[in-house]
2 protein chains.
Amino acid sequence: MSQVETTDRVAQGVIGDLFADIHDELASVEQRLQEELRSQHPSVDQVVRHGYRLGGKRLRPALLLLAGKACGELTESHATLAVVVEMIHTATLVHDDVLDEAAIRRHVDTVNARWGNETSVLLGDFLFSHAFYLASTLSTTDACRMIGQSTNRLCEGEMRQTLAEGDLLISEEDYFGIISAKTAELCACCCELGAKYAGADSDRTEALALFGRNLGIAFQIADDLLDISGEEATTGKSLGRDLAKGKLTLPLIHARDTLVDGPRNRLLAQIKQGDESLSKEILATLRELGSLDYARRTAEQFAAKAAEQLDRLPESAAKATLELMAEFVVARSA
Amino acid sequence: MSQVETTDRVAQGVIGDLFADIHDELASVEQRLQEELRSQHPSVDQVVRHGYRLGGKRLRPALLLLAGKACGELTESHATLAVVVEMIHTATLVHDDVLDEAAIRRHVDTVNARWGNETSVLLGDFLFSHAFYLASTLSTTDACRMIGQSTNRLCEGEMRQTLAEGDLLISEEDYFGIISAKTAELCACCCELGAKYAGADSDRTEALALFGRNLGIAFQIADDLLDISGEEATTGKSLGRDLAKGKLTLPLIHARDTLVDGPRNRLLAQIKQGDESLSKEILATLRELGSLDYARRTAEQFAAKAAEQLDRLPESAAKATLELMAEFVVARSA
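Residues numbered from 1 in each chain as written. Chains lettered and ligands numbered in written order. Predicted model: local features only at pLDDT ≥ 70, side-chain atom pairs only at ≥ 80, totals over all residues. Heavy atoms only, no water.

Position of Ser180 of chain B among the secondary structure elements: in helix 9 (residues 172–196). In contact with Ser180 of chain B, not counting residues within four places along its chain, are Glu185, Arg213 and Ile217 of chain B. (Helix = DSSP H or I, 4+ residues; strand = E, 2+ residues; numbered from the N terminus. Contact = heavy atoms within 4.5 Å.)

Encoded structure:
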């Protein structure tokens with residue numbers, strides 16, 4: 001699975017500006033993450049500290065904090081929950097690296113390349129466990145329950161995706177179902193938590209949950225697009241991994257459903273062969289059929305749906321930032 | 001890691017009798033596990049249902065239920081928590097199978113042998129997540145916090161163990177630290193939860209937590225003994241895996257520390273070589289040096305310490321069963 005990350009320098013600059021409004025809160029998240037990801041056992045300490053370095057642009061903590069600010073005041077609970085969601089996200093990244101045997105993740109050695117698959121599995125477990133533990137330090141079970149429900153769906157989505165690898169006939173509906181579960185679910189949860197812990201009413205909480213879900217779907221489509229047509233140097237990840245694993249993402253599904261007869265069979269054979277030398281040919285086909293544009297337009301539609309939900313919120317700097325995130329999410333794959 | 005399991009028929013018979021007193025409660029655990037380990041997505045459903053079959057003798061739910069009964073009345077919370085601890089245990093087994101590349105687990109195909117490592121990792125995550133979610137359906141965060149703390153330590157213990165593989169100089173103290181974290185921690189947590197949710201006072205709760213911890217250590221020593229000197233047909237597991245991975249357990253640590261000079265170096269060289277043909281020679285050395293007996297006696301001492309704690313509880317059928325468990329735990333490796 002290629003998760004939502006943004007590591008190219010341009011994106012980092014844009015995000016740095018975007019999040020200026022929650023700069024201090026994000027800095028606290030960093031500090032807390034560094035404090036939590038420690039162990040009294042030196043050998044373990046070395047590994048869990050590496051887990052900290054694997055984090056991305058902290059988009060999920062940012063979503064949670066901005067959703068909170070868009071609805072009211074941030075509390076101590078927001079600070080804890082921002083750390084929780086980032087730990088969960090990092091756990092899924094670490095376990096994805098086991099799954100994908102990815103050699104590169106954000107220009108840093110993956111844990112499994114450095115310590116082996118066993119340690120990666122255990123580090124992911126440690127991060128999951130630690131996240132749930134931290135959530136349980138809040139005064140009620142609400143956050144634990146919301147997060148538990150989201151991770152249940154996230155895991156199901158990941159499993160559906162893995163079990164669908166090599167299925168060249170996967171439907172567009174299934175693709176959306178999978179990315180909604182594996183990526184958008186946690187984004188929705190972040191926004192819902194942020195709103196809830198700022199005391200938002202049910203209408204605003206729902207609006208933000210829907211914002212998160214649609215943004216998450218747009219994110220993932222854009223990320224899948226980058227896997228096909230991005231550049232390794234700027235994305236910081238091994239590219240074409242989806243194709244190599246027989247994982248059909250939106251552009252390929254579109255191309256498959258646009259073509260008929262011989263050309264369709266030829267494309268499917270190329271995908272099945274999984275030969276790297278064919279990826280250029282496949283990319284040419286996708287361009288020719290407008291499949292990359294189709295995926296980009298679809299991502300834009302989800303981003304627009306996300307932005308629409310923000311109309312239900314009062315004006316605020318945080319709301320403006322969320323609007324910019326919805327704009328930015330697709331731009332990065334253009 | 002070789003976790004605590006008892007699958008030989010004799011043991012099953014003994015356990016069947018042992019748990020007669022909580023037969024109905026254990027049957028409810030089975031039913032609830034089957035109900036929870038489902039998915040609306042057929043492909044995922046197939047995998048998570050397999051997860052149910054991988055469970056062991058439900059020792060952890062039994063500990064939780066018996067600890068509760070030894071302190072008072074069982075509640076609906078006990079029923080939920082018994083399912084939670086078994087899910088967590090199963091998650092660690094599934095992830096252990098990834099780690100160990102074990103081909104056999106309880107005479108049932110391991111998930112990774114059947115679906116690959118990726119699916120095993122995700123199934124384990126699903127089980128962890130589901131367990132935490134279920135714990136969050138209780139009325140307070142107490143159980144979530146206790147379980148989260150335990151799984152934090154459990155994961156650390158597993159990591160310590162994995163990172164110590166191939167370390168032929170691991171100390172006995174480190175060995176005990178590792179098994180206390182990776183195995184005894186969850187057993188202690190089960191007993192503590194059982195007591196707490198039956199309204200036990202702090203003295204009885206502590207007594208049961210210590211019972212669980214010492215029993216767990218005895219369990220793991222006995223299990224490690226079985227890995228070295230058991231029989232595959234009766235244990236239902238691939239044997240000698242610890243040795244093959246350069247994982248030193250108590251008998252080997254004892255032998256290493258008993259020998260000096262040439263014989264010591266020869267033993268270390270044999271272990272390092274990891275050749276299956278040498279396992280008979282190593283076993284002969286262990287017998288000769290009394291290292292198997294030493295490990296068995298040590299397990300018996302921990303079992304006795306566990307039993308001592310029960311003196312702090314009033315007489316009851318549940319207490320009598322816990323006493324029998326402490327007797328039984330080492331007998332199975334004799």
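Screw-axis analysis of chain A against chain B gives a translation of 0.0 Å along the axis, an RMSD of 0.0 Å, and a rotation angle of 180°. What the rotation and shift describe, once combined, is the action of a two-fold rotation axis. Minimal C-alpha separation from the rotation axis in chain A is found for Thr141 of chain A, amounting to 2.7 Å. (Least-squares fit on C-alpha atoms with pLDDT ≥ 70 in both.)

Our focus in this paragraph is the pattern of salt bridges. Within the structure shown, the criterion is met by 38 salt bridges over all chains. With a closest N to O distance of 2.8 Å, Arg256 of chain A and Asp257 of chain A form a salt bridge. With relative accessibility at 4%, the residue Arg256 of chain A sits in the buried group. Taking the shortest distance from any N to any O, the salt bridge between Asp142 of chain B and Arg145 of chain B comes out at 3.0 Å. In this pair, Asp142 of chain B and Arg145 of chain B both sit in helix 8 (residues 142–163), 3 residues apart, roughly one turn of the helix. Judged by relative accessible area, Asp142 of chain B falls into the partly exposed class, the value being 24%. We classify Arg145 of chain B as partly exposed; its relative accessible area is 28%. What you see here is one network of salt bridges that share partners, running through Glu30, Arg58 and Glu86 of chain A. (Salt bridge = Lys/Arg side-chain N within 4 Å of Asp/Glu carboxyl O. Buried < 20%, exposed > 50% of the residue type's maximum accessible area, 1.4 Å probe, protein only.)

On to a negative patch on the surface, then. Together, Glu308, Asp311, Glu323 and Glu327 of chain B give the surface a local cluster of negative charge. Note on placement: Glu327 of chain B falls in helix 17 (residues 317–331). (Patch = residues over 30% accessible without salt bridge, like charges linked within 9 Å, V, L, I, M, F, W, Y side chains within 5 Å. Areas by Shrake-Rupley, 256 points an atom, 1.4 Å probe, with all protein chains shown as cover. Lys, Arg positive; Asp, Glu negative; His and termini not counted. Charge placed at Lys NZ, Arg CZ, Asp CG, Glu CD.)

Time to look at the packing of aromatic side chains. Under the definition given, this model contains 5 aromatic pairs over all chains. With 5.5 Å between their ring centres and 65° between their planes, Tyr175 of chain A and Phe176 of chain A make a pair best called edge-to-face. Residue Phe176 of chain A is classed as buried on the basis of its relative accessible area, which comes to 19%. Measuring from ring centre to ring centre gives 5.5 Å for Phe176 of chain B and Phe302 of chain B, while their planes differ by 45°; the resulting arrangement is tilted. Of this pair, Phe176 of chain B sits in helix 9 while Phe302 of chain B sits in helix 16 (residues 291–309), placing them 126 residues apart in sequence. Phe302 of chain B shares its class with Phe176 of chain B; the two are buried. By way of ring pairs, the aromatic residues Tyr175, Phe176 and Phe302 of chain A are connected into one cluster. (Phe/Tyr/Trp six-rings, centres within 6.5 Å; stacked < 30°, edge-to-face > 60°.)

Our focus in this paragraph is the interface of chain A and chain B. Counting residues at the interface gives 45 residues for chain A and 45 residues for chain B. Both sides of the chain A and chain B interface together cover about 3,900 Å² of buried area, and 69% of this is carbon and sulfur. Considering only the surface of chain A that becomes buried against chain B, Glu118, Leu122 and Met159 of chain A emerge as the three largest contributors, covering 17% of it. Our count for the contact surface shared by chain A and chain B stands at 2 salt bridges. Note that Lys245 of chain A is salt-bridged to Glu118 of chain B, the shortest N-O span being 2.8 Å. Counting the contacts that link chain A with chain B gives 18 residue pairs in polar contact (both at pLDDT 80 or more). If you list the elements that add at least two residues to the side of chain A that touches chain B, you get helix 3 (42–53), helix 5 (76–100), helix 7 (117–135) and helix 8 (142–163) of chain A. Here the residues of the side of chain A that touches chain B are counted per class, giving 18 nonpolar, 19 polar and 8 charged. (Buried area = accessible area lost by both parts, 1.4 Å probe. Polar contact = N/O pair within 3.5 Å; in protein donor to acceptor, adjacent residues only side chain to side chain. Nonpolar A, V, L, I, M, F, W, Y, C, P; charged D, E, K, R; others polar.)

Inspection of every chain in the model, using the stated rule, returns 9 cavities of 30 Å³ or more. The volume enclosed by the largest cavity comes to roughly 120 Å³. Around the largest cavity, the lining comprises 15 residues; the ones closest to its centre are Gln161, Ile170, Ile178, Lys247 and Leu248 of chain A. Of all the secondary structure elements, the ones that give two or more residues to the lining of the largest cavity are helix 9 (172–196) and helix 10 (202–229) of chain A. When its residues are assigned to classes, the lining of the largest cavity shows 6 nonpolar, 4 polar and 5 charged. In this model, the second largest cavity occupies a volume close to 100 Å³. Taken together, 13 residues form the lining of the second largest cavity, with Gln161, Tyr175, Ile178, Lys247 and Leu248 of chain B sitting closest to its centre. The dominant element in the lining of the second largest cavity, judged by the number of residues it contributes, is helix 9 of chain B, at 4 residues. Residues of the lining of the second largest cavity, tallied by class, amount to 6 nonpolar, 3 polar and 4 charged. (1 Å grid on protein atoms, 1.4 Å probe; cavity = no way out; pocket = protein on both sides within 12 Å on 5 of 7 lines; lining within 4 Å. Points joined across faces, edges and corners; volume = space filled by probe spheres on them.)

The next subject is the environment of Val85 of chain A. Residues and elements named next belong to chain A. Checked against the element boundaries, Val85 lands in helix 5. With relative accessibility at 0%, the residue Val85 sits in the buried group. The spacing of Val85 and Ile147 is 62 residues in sequence and 8.3 Å in space, taken between C-alpha atoms.

Moving on to the packing of helix 13 (residues 250–258) of chain B against helix 14 (residues 261–273) of chain B. Residue and element names in this part refer to chain B. Interaxial distance between helix 13 and helix 14 falls to 8 Å at its minimum, and their mutual angle equals 150°. Judged by the angle between their axes, helix 13 and helix 14 are roughly antiparallel. Crossing of helix 13 against helix 14: the hand is left-handed. The residues of helix 14 that touch helix 13, namely those facing Leu252, Ala255 and Arg256, are Arg264, Leu267, Leu268 and Ile271. Of the residues in the contact of helix 13 with helix 14, the class split is 5 nonpolar, no polar and 2 charged. (Axes fitted to C-alpha atoms, helices over the stretch in contact; angles between N-to-C directions. Parallel < 35°, antiparallel > 145°, perpendicular 65-115°, else oblique. Left-handed = near helix turned anticlockwise from the far one by under 90°.)

Residue and element names in this part refer to chain B. Within the secondary structure layout, Glu73 lies in the loop between helix 4 (59–71) and helix 5 (76–100). The class for Glu73 is exposed, based on a relative accessible area of 65%. For the pair Glu73 and Leu193, spaced 120 residues apart in sequence, the C-alpha to C-alpha distance is 13 Å. Aside from chain neighbours lying at most four places away, what touches Glu73 is Gly68, His78 and Ala198.

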